[in-house]
Amino acid sequence: MVHQKINLDRLSPEEAVITPTYASRALTSAVPKYEIPEGEMPPAVAYNLIRDELALDGNSRLNLATFVTTWMEPEAKQLMAETFDKNMIDKDEYPQTAEIELRCVNMIARLWNAPESEAATGCSTIGSSEAAMLEGMALKWQWRKRRQKEGKPTDKPNLVMGINVQVCWQKFCRYWEVEPRFVPMEGNRFHLKATEAIKLIDENTIGVIAIMGSTFDGSYEPVQEINEVLETLNRETGWQVPLHVDGASSCKNSFQM
């Protein structure tokens, strides 16, 4: 989400401050909402202020709209808190973190039946949206490399997906100048079908997105069916349109076929 700087001149005095009601000598004045205060405050008071502000949010345990887990074991939360101060990208400084990441990539590859005769590549990301951006860039660059090798133009890439995809794919298309080709929902069909996807594919298609856990209704799209149709199309046309399976809504991982 993009935020803008607030014009303080347009705010009333009440709108510009937080007015907590704690009976504490450590907090005897209002706290500015959009400026750093002149003075300091005890950490416990700052914690209570933010905690109480966040209490206005919905209860994540009752969030049934995103099809993701909203609970984890206390031990998992403890591990996350104990590693907050690590710079995840600095693998030379934190080699054991890199080793655990390697193990996770192997576990996920085997969970999704990656062929033992083939190499499976993966990396950790901040979240599923970042994973989608990285995968989208890989799709575009691979397509561009093939087109350049064939001496063909690379200025009109497109990506085929159901209209039910997560918004990060729309962002990817805008950020990296890729035409999004959405398959609409019709009747009782609430996600992508192979017969509909095939109608939108051409030589400029960098890939097709299938979802394991649609953000619309939680359903799994027919990955095997879409893959078989793509394999047939690629054999007949000589194209190399790949299938990307987005597992972000169901198990927080993505992979490509």
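Above: the structure in question.
Residues numbered from 1 in each chain as written. Predicted model: local features only at pLDDT ≥ 70, side-chain atom pairs only at ≥ 80, totals over all residues. Heavy atoms only, no water.

> What am I meant to see in helix α3 (residues 95-111) here?
One turn of the α-helix equals 3.6 residues, which is why residues spaced by three or four share an orientation. The end-to-end C-alpha distance of α3, which contains 17 residues, comes to 24 Å, matching closely the 24 Å that a straight helix rising 1.5 Å per residue would cover. Taken together, the buried positions of α3 are occupied by Glu101, Val105 and Ala109. Taken around the axis of α3, the buried residues stretch over an arc of 75 degrees, which confines them to a single face. Counted as exposed and oriented over 90 degrees from the buried face of α3: Met107 and Leu111. Looking one or two places after α3, you find Asn113, whose phi comes out positive at around 60 degrees. (Helix = DSSP H or I, 4+ residues; strand = E, 2+ residues; numbered from the N terminus. Expected span 1.5 Å × (residues − 1). Buried < 20%, exposed > 50% of the residue type's maximum accessible area, 1.4 Å probe, protein only. Arc of directions from axis to C-beta.)

> Got a minute to help me understand the packing of aromatic side chains in this structure?
Any pair of aromatic rings gets described here by the distance separating the centres and the angle formed by the planes. Taken as a whole and assessed by the stated rule, the structure comprises three aromatic pairs. By the ring-pair criterion, three or more aromatic residues cluster together here, those being Trp169, Phe172, Tyr175 and Trp176. (Phe/Tyr/Trp six-rings, centres within 6.5 Å; stacked < 30°, edge-to-face > 60°.)

> So what exactly am I meant to see when it comes to the pattern of salt bridges here?
Should the charged atoms of two oppositely charged side chains come close, the side chains can pair. All chains considered together, the criterion is met by eleven salt bridges. A salt bridge links Glu186 to Arg189; its shortest N-O distance comes to 3.6 Å. For Glu186, a relative accessible area of 48% gives the class partly exposed. What you see here is one network of salt bridges that share partners, running through Arg147, Glu150, Lys152 and Glu203. (Salt bridge = Lys/Arg side-chain N within 4 Å of Asp/Glu carboxyl O.)

> So what exactly am I meant to see when it comes to the environment of Pro95 here?
Relative to the elements of secondary structure, Pro95 occurs in helix α3. Along the primary structure Pro95 and Val105 are separated by ten residues, whereas in three dimensions their C-alpha atoms are 15 Å apart.

> Looking at this model, I keep getting lost on the packing of helix α4 (residues 128-149) against helix α5 (residues 167-175). Mind explaining?
Between two packed helices, what matters for the description is the angle formed by their axes and the separation of those axes. Two elements in contact, α4 and α5, have axes whose closest approach is 9 Å; the angle formed by their N-to-C orientations is 45 degrees. Between α4 and α5, the crossing angle belongs to the class labelled oblique. Crossing angle aside, the handedness with which α4 passes α5 is right-handed. When α4 is examined against α5, the residues Ser129, Ala132, Met133, Gly136 and Met137 are found in contact with a partner set consisting of Cys168, Trp169, Lys171, Phe172 and Tyr175. (Axes fitted to C-alpha atoms, helices over the stretch in contact; angles between N-to-C directions. Parallel < 35°, antiparallel > 145°, perpendicular 65-115°, else oblique. Left-handed = near helix turned anticlockwise from the far one by under 90°. Contact = heavy atoms within 4.5 Å.)

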